[in-house]
Amino acid sequence: MGMVEVVGLVLHPRRDCGAAIDAIVDWAATRDVTVLGLPDEVGRIDCRAVPVSAEELVARAGLLVSLGGDGTMLRTMRLVEGRKTPVLGVNVGRLGFLAEVDLPDLPSALSAIDEHRYTVEPRAAVRTVLPDGTEVSAFNDIALVRVPGSGLAGIGITVEGSTFVNYAADAVIVATPTGSTAYSFSAGGPIVSPNVEGLLVSAAAAHSSFNRSLMLAAGEHLALDVLPTSGRVAIEVDGIVAGHATGGDRLTIDQAPGAAQVIRFGRTSFYERARRKLRVEGSAQVAAGSAADATVVDSFEHSRYEILLGGEVAGVLTYRRTDGRVELRHTEVDQAYEGRGLAGRLAAAALTDARARATAVIPTCPFVAGYVQRHPEFRDVLAVEPDPGEASR
């Protein structure tokens, strides 16, 4: 990719992307770069991006920037499917997996693109034609999902022209390696490296005796038959219902390797991101009625634990790891979420994690130091006893 002359923006339908758009427009202004957006998206906010049709956006942009979460990233990839236009994913708001940079790192990411300090990773798509003739593509998965009130989804899997297995299940999911950490994972499928080529077929809550996932090689032919015994099924494309199918319908599934190009800076590996996304601690130590539905994740790219409530980051505990020790530095809970015991959840999770890693804790954060004094069962994790004078501040 030479110097980018036109950048296209794709925005999350609801999240506030103003700060990100400003950063991109400012960067573009100093480089004589044109910024384009979709009319209904940039029209919602007062910004200097030029509104154009989706066709023009895709035709003109030398770089597409997705601002939002994974859904926005998938939509951006579907927009440019089959083109070589690279896509940069920027996380706005909650924890994303496909996006490459978080909002604070956007300026340095744009500079890195200027200086060609990045790689482009091809992502495969999976395609089919719906019963009504509509062609659809997905970068995570295409799923046949039972419609509530209908019977189970009865789906026959045909590979290379011969029937392999009939699933009776809540859903049958055909996922790309990228999609292995999405719906397929929650159905019990394996985590597949994005460097693998092929398709993953999994059944969610299979009632058949055969309930294993199936991995097809690139180029192998797959067809899904909705069996006569099946209830009505919804066809979900990257999690969005695109159509329906009933007994007798057949979906032929095609693989499209390298259908999109995603910008990577190599700051984290796929496995680190998968671990961050999928490794959450249990909520055993929570009092009833408080933040029982919160989860804590170790967002190690940012050296902090994050507590998520409804997918939003409600609080953070920053840390610094050095030679077998971890310094717990600062605990902060968003004002909107105060009074729910979230800071205590963060402290307990960080201390429990340190114990599991056999890492000694230095609690420079006064809140954490005070927490340990109130919960002496964590004293064994400390590198040094906190000074009581410090903790009571």
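Computed from a predicted structure; not experimentally measured.

Attention now moves to the packing of helix 8 (residues 342–356) against helix 9 (residues 366–374). At a closest axis distance of 10 Å, the pairing of helix 8 and helix 9 adopts a crossing angle of 75°. By the angle between their directions, the pair helix 8 and helix 9 is classed as roughly perpendicular. Here Ala343, Gly344, Ala347, Ala348 and Leu351 of helix 8 come into contact with helix 9, specifically with Phe367, Val368, Tyr371 and Val372. Of the residues belonging to the contact of helix 8 with helix 9, the class tally is 8 nonpolar, 1 polar and no charged.

In this section: the confidence of the model for the protein chain. Parts of the model with low pLDDT should not have their predicted coordinates read in detail. The share of residues in the protein chain with pLDDT of 70 or more is 91%, and the mean pLDDT across the chain is 86. Of all secondary-structure elements in the protein chain, the lowest mean pLDDT belongs to helix 10 (residues 388–391), at 48, while strand 15 (residues 222–226) reaches the highest, 97. When the criterion is pLDDT under 50, residues 280–290 qualifies, and its contacts beyond four places in sequence or with other chains add up to 18 contacts.

Bringing the environment of threonine 246 into the picture now. Its location among the elements puts threonine 246 in the loop between strand 17 (240–245) and strand 18 (250–264). On the basis of relative accessible area, threonine 246 is assigned to the partly exposed category, the value being 39%. Taking C-alpha positions, threonine 246 is 9.4 Å from aspartate 225, a pair spaced 21 residues apart along the chain. Those residues in contact with threonine 246 that sit more than four places away from it in its chain are Val226 and Arg232.

The next thing to look at is the sheet that holds strand 22 (residues 325–333). Across the sheet, which stays open at both edges, the 5 strands sit in the order 19-20-21-22-23 with mixed pairing between neighbours. Strands at the two margins of the open sheet, each flanked by one partner only, are strand 19 (295–299) and strand 23 (360–363). On average, each strand axis in the sheet is tilted by 30° relative to the strand beside it, whichever way the strands run. Bridge analysis of strand 20 (residues 304–309) against strand 21 (residues 312–322) gives 6 bridges, and the strand direction is antiparallel. Bridge pairing links glutamate 306 to valine 316 in strand 21.

With respect to topology, 6 strands assemble into an open sheet ordered 14-13-12-9-16-17, the strand pairing being antiparallel. Of all strands in the sheet, those with a lone pairing partner are strand 14 (214–217) and strand 17, marking the two edges. Going from strand to strand, the sheet's axes swing by 20° on average, the running direction of each strand aside. Direction of pairing for strand 12 (residues 171–175) relative to strand 13 (residues 198–204): antiparallel, over a ladder of 5 bridges. Each bridged residue has a counterpart across the sheet, and for valine 172 the counterpart in strand 13 is alanine 203.

Conventions adopted
The numbers attached to residues start from 1 for each chain and follow its sequence in the written order. Reporting in this predicted model follows two pLDDT cut-offs: at least 70 for local features of residues, and 80 or more for side-chain atom pairs to be given and counted; totals over whole chains, interfaces and linings ignore these cut-offs and use all residues. Heavy atoms from the whole structure form the basis of all side-chain values; hydrogens and water molecules are not counted. All axes here are fitted lines through C-alpha atoms, helices being fitted over the stretch that makes contact, and every angle between N-to-C directions spans 0 to 180 degrees. Going along the chain from the N terminus, every DSSP run of H or I of four or more residues is numbered as a helix, and every run of E of two or more is numbered as a strand. When an angle is under 35 degrees it counts as roughly parallel; over 145 it counts as roughly antiparallel; between 65 and 115 it counts as roughly perpendicular; any other value is oblique. Residue contacts are defined here by distance: any two heavy atoms, one from each residue, within 4.5 Å place the two residues in contact. Each residue gets one label: Ala, Val, Leu, Ile, Met, Phe, Trp, Tyr, Cys and Pro are nonpolar, Asp, Glu, Lys and Arg are charged, and the others, such as Gly, are polar. The score called pLDDT rates the predictor's confidence residue by residue, from a low of 0 to a high of 100. Each residue is assigned to one of three classes by its accessible area relative to the maximum for its type, calculated with a 1.4 Å probe on protein chains only: buried under 20%, partly exposed between the two thresholds, exposed over 50%. DSSP-based pairing: two strands are paired if at least 2 bridges between them are found.

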